[in-house]
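Observations on the three-dimensional arrangement
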Amino acid sequence: MYPLIRDIHAYLGVALAALLAIYTWTGFEIVHGGGKRPREIARSEPSVTPVGGANDAIARVEAAARAAAEQAGLAGGAVVRARFEKGAWRARVERVSQYAEVTLTPGSSSAEVRLWRYPARGGVTQLHHVSLTDARGARFAWAIAIDVLSVALIAFALTGVLLFLALKRERRLGWALLAASTLYTLGSIAHLVTGAP
Amino acid sequence: MRRWLVDLHLYLGLISLPYVVLFGVSSILWNHDVRGTRTSEVWERVVAAPHDGKPRDRAVAVRDALGLHGLVHERDVRQAPDGGLRFRVIYPARRATVEVDATGHARVNETYYGFAEVIRALHGFHGWDVSAWGYSWMLFTDLSVGAFAFFIVTGVWLAWLRVNARAPLLGTGALAAVVTGALAAWIW
C-alpha cells in the first residue's frame, strides 16, 4: 500500500508541478505585485453585420463582437460578456494577454473596437483568472486543467498524510503541527461563518 | 542533506495541509462560480458618534462603537448634510452598510454571503490587517504559498533521487510541463 500511495503522490506532483508553479507565482503576483494594468494599443471601426436593440439574440451580438475583434487583430478570443447599456451593445472579447472592448450600435454596420494588451507579467497573471464560467475552446481546456489541479491538491494532502502515518519514526512533532494548523484553519472558518470576533 | 530536506518537505506539508485542502476546494468554487446563500439583518443602536475629524476616522470610530470589524475605505464614506455619515464595512464574506445621524442613531444593514463565500474569501485572502485574525491569515497564506514553491522544487529533487523511477517520473513531469506551456500559449 505504501509504495502505491507514494507513487500517487509522486506522479501527481510531477504531472502538475508546472501548472502549480504558474498558479503559485501568479497568486503571489496578484497579492504582492500591485497589479499590472493593460494599455490601449489600437482603436478601429471594422465593418460588422448590424445588430438589433436590447432584445436582439445574445448569440448574434456575440458573433458580431467576435468578428469585430478579429478584424481589429484579436483572433480566437472568447466573449466574456455582452450587455446592452446606454443604447448600445458593449462586449468584451478576451484572450489572456489582450482583450477588445467592442461597442455595437443597433443598426450600424461598423463597430468601435478598442484593443488592450497586458504587459508580459500582467498577461501571465491573467492566466490565474481564467475560469469555467467564461470559457470556450482553449480556455475551457485550461479551466478544466484547473479543476484537475484543484482535486490533485486535495489528493496531495491526503496522500501526504497517509505517507506520514506510514513513517516508522517519531511523529509527535508532525501531529502537533498538523493539529495546530488544522485547528487554526477550522477556527478561521468558524470566525467568518459566525462573525464572532 | 537529503534527510533534512525530506523532513522539511514533510513538516511544511503538515503545517500547510489544511491550507492546501482549502485551496483545492476554494479553487473549485471559484472555477465554477459557486456562491453562498445571502442573508441580511438590519439592526439599530445609539452610539457616541464623533463630530470632529476626517470622515473616515469618524466612520472607523462608529464601526468600533458598533462592535463591527472590517475595512472602511475612504471612498465608501459619505457625509450627510446633517453631519451624519454613511459608510460600508467590508470583511470576508460579510458587508455592513452603516447610516449614522448626527445624534448617533445608527442603522446597520449586515449581509452575510454564505458558507461558500467564506471558503472563496479565504482563497489567498491578504492585506486586510484590520484585525489580528486577518493579519495571521495573511501570514499563513504567505507561508503556504512559499511552501508550494518549496514542494515543487524538493518534490522534483526527490523524484530525481528515486533512481529506479527517475525516468518515468521526470518524463511525466517534462511532458506535463510541455503540455501546460502549449496550452498557455494557445490561449495567450
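Residues numbered from 1 in each chain as written. Chains lettered and ligands numbered in written order. Predicted model: local features only at pLDDT ≥ 70, side-chain atom pairs only at ≥ 80, totals over all residues. Heavy atoms only, no water.

Looking at the overall build of chain A
From N to C terminus, chain A includes 5 helices and 5 strands. Relative to the globule expectation of 16 Å for 197 residues, the C-alpha radius of gyration of chain A, 24 Å, shows a markedly less compact shape. Within chain A, residue pairs in contact and separated by at least 24 positions form 60% of the contacts whose partners lie at least 6 positions apart. About 9,800 Å² of surface is accessible on chain A, with carbon and sulfur atoms providing 61% of the total. Taking the 22 positively charged and 14 negatively charged side chains of chain A as two groups, their mean positions are separated by 7 Å. (Helix = DSSP H or I, 4+ residues; strand = E, 2+ residues; numbered from the N terminus. Rg over C-alpha atoms; globule rule 2.2 N^0.38 Å. Contact = heavy atoms within 4.5 Å. Areas by Shrake-Rupley, 256 points an atom, 1.4 Å probe, with all protein chains shown as cover. Lys, Arg positive; Asp, Glu negative; His and termini not counted. Charge placed at Lys NZ, Arg CZ, Asp CG, Glu CD.)

Some words on the sheet that holds strand β2 (residues 78-79) of chain B
Overall, antiparallel pairing links the 5 strands, which are arranged β1-β5-β4-β3-β2 (chain B) in an open sheet. Every interior strand has two partners, whereas the edge strands, β1 (39-46) and β2 of chain B, have only one. Bridging between strand β3 (residues 85-91) of chain B and strand β4 (residues 94-100) of chain B involves 7 bridges; their strand directions are antiparallel. In the sheet register, B:L85 faces β4(B), and the bridge partner there is B:V100. Relative to β4(B), helix α5 (residues 172-194) of chain A is tilted by about 40°, and along the sheet it contacts β3, β4 and β5 (105-112) of chain B. Against the sheet, helix α2 (residues 55-66) of chain B touches β1, β2, β3, β4 and β5 of chain B, its axis set at about 65° to β3(B). (Pairing = 2+ DSSP bridges. Axes fitted to C-alpha atoms, helices over the stretch in contact; angles between N-to-C directions.)

Points about α2(B)
Residues and elements named next belong to chain B. The end-to-end C-alpha separation of α2 is 16 Å, in line with the 16 Å expected for 12 residues at 1.5 Å each. Of the residues making up α2, those classed as buried are R58, A59, V60, V62, R63 and L66. On its buried face, α2 is in contact with β1, β2, β3, β4 and β5. Positive phi appears at G67, one or two residues downstream of α2, with a value of about 80°. (Expected span 1.5 Å × (residues − 1). Buried < 20%, exposed > 50% of the residue type's maximum accessible area, 1.4 Å probe, protein only.)

Concerning the interface of chain A and chain B
Residue-level contacts link 62 residues of chain A with 57 residues of chain B. Summed over both sides, the interface of chain A with chain B buries roughly 5,000 Å², with 72% coming from carbon and sulfur. Connecting chain A to chain B are 1 salt bridge. Among the salt bridges present, the one from B:R162 reaches A:D7, with a minimum N-O distance of 2.6 Å. Counting across the chain A and chain B interface gives 17 residue pairs in polar contact (both at pLDDT 80 or more). Counting residues per element, the ones that place at least two in the side of chain A that touches chain B are α1 (2-32), α3 (120-126), α4 (138-165) and α5 of chain A. (Buried area = accessible area lost by both parts, 1.4 Å probe. Salt bridge = Lys/Arg side-chain N within 4 Å of Asp/Glu carboxyl O. Polar contact = N/O pair within 3.5 Å; in protein donor to acceptor, adjacent residues only side chain to side chain.)

Examining the pairing of β4(B)
Residues and elements named next belong to chain B. In β4, alternate side chains face the same way, and those of R94, A96, V98 and V100 are buried while those of R95, T97 and E99 on the opposite face are not. Between the antiparallel neighbours β3 and β4 lie 2 residues, among them A93 with a positive phi of about 65°. The loop that links β4 with its antiparallel partner β5 comprises 4 residues; one of these, G104, has a positive phi angle of about 95°.

Some words on the layout of surface pockets
When its volume is computed, the largest pocket comes out at roughly 1,300 Å³. Around the largest pocket, the lining is made up of 42 residues, and of these A:H129, B:W30, B:R120, B:A121 and B:H123 lie nearest the centre. At the level of secondary structure, the elements contributing two or more residues to the lining of the largest pocket comprise α1 and α4 of chain A together with α1 (2-31), α3 (115-122) and α4 (132-161) of chain B. Here the element with the most residues in the lining of the largest pocket is α1(A); it accounts for 8 residues. Residue classes in the lining of the largest pocket are distributed as 20 nonpolar, 15 polar and 7 charged. Space inside the second largest pocket adds up to approximately 1,100 Å³. When residues of the lining of the second largest pocket are assigned to their parent elements, the largest contribution, 10 residues, is made by α1(B). (1 Å grid on protein atoms, 1.4 Å probe; cavity = no way out; pocket = protein on both sides within 12 Å on 5 of 7 lines; lining within 4 Å. Points joined across faces, edges and corners; volume = space filled by probe spheres on them. Nonpolar A, V, L, I, M, F, W, Y, C, P; charged D, E, K, R; others polar.)

Structural notes on a nonpolar patch on the surface
A surface patch of nonpolar side chains, amounting to about 340 Å² of accessible area, comprises A:M1, A:L4 and A:I8. Judged by relative accessible area, which is 72%, A:M1 ranks as exposed. (Patch = residues over 30% accessible without salt bridge, like charges linked within 9 Å, V, L, I, M, F, W, Y side chains within 5 Å.)

Observations regarding the domain arrangement of chain B
Assigned domains of chain B: these are domain 1 (2-33 + 134-187) and domain 2 (39-112). The C-alpha-based centres of domain 1 of chain B and domain 2 of chain B are spaced at 42 Å. (Domains from an automatic or database assignment.)

Quick word on the packing of aromatic side chains
Each pair of aromatic rings is reported with the distance of its centres and the angle of its planes. All names here are of chain A. Per the stated rule, a full pass over the model turns up 15 aromatic pairs over all chains. When the ring of Y99 is compared with that of Y118, the centres are 6.1 Å apart and the planes differ by 50°; the resulting orientation is tilted. In this pair, Y99 sits in strand β4 (residues 98-104) while Y118 sits in the loop between β5 (111-117) and α3, placing the two residues 19 residues apart along the sequence. For Y99, a relative accessible area of 6% corresponds to the buried category. (Phe/Tyr/Trp six-rings, centres within 6.5 Å; stacked < 30°, edge-to-face > 60°.)

Observations regarding the environment of A:A82
Residues and elements named next belong to chain A. Mapping A82 onto the fold places it in strand β2 (residues 78-85). Residue class for A82 comes out buried when judged on its relative accessible area of 18%. Considered as a pair, A82 and V93 are 11 residues apart in the sequence and their alpha carbons are 8.9 Å apart. Once residues lying within four places of it in the same chain are set aside, the contact partners of A82 are I58, V61, E62, W89, R90 and A91.

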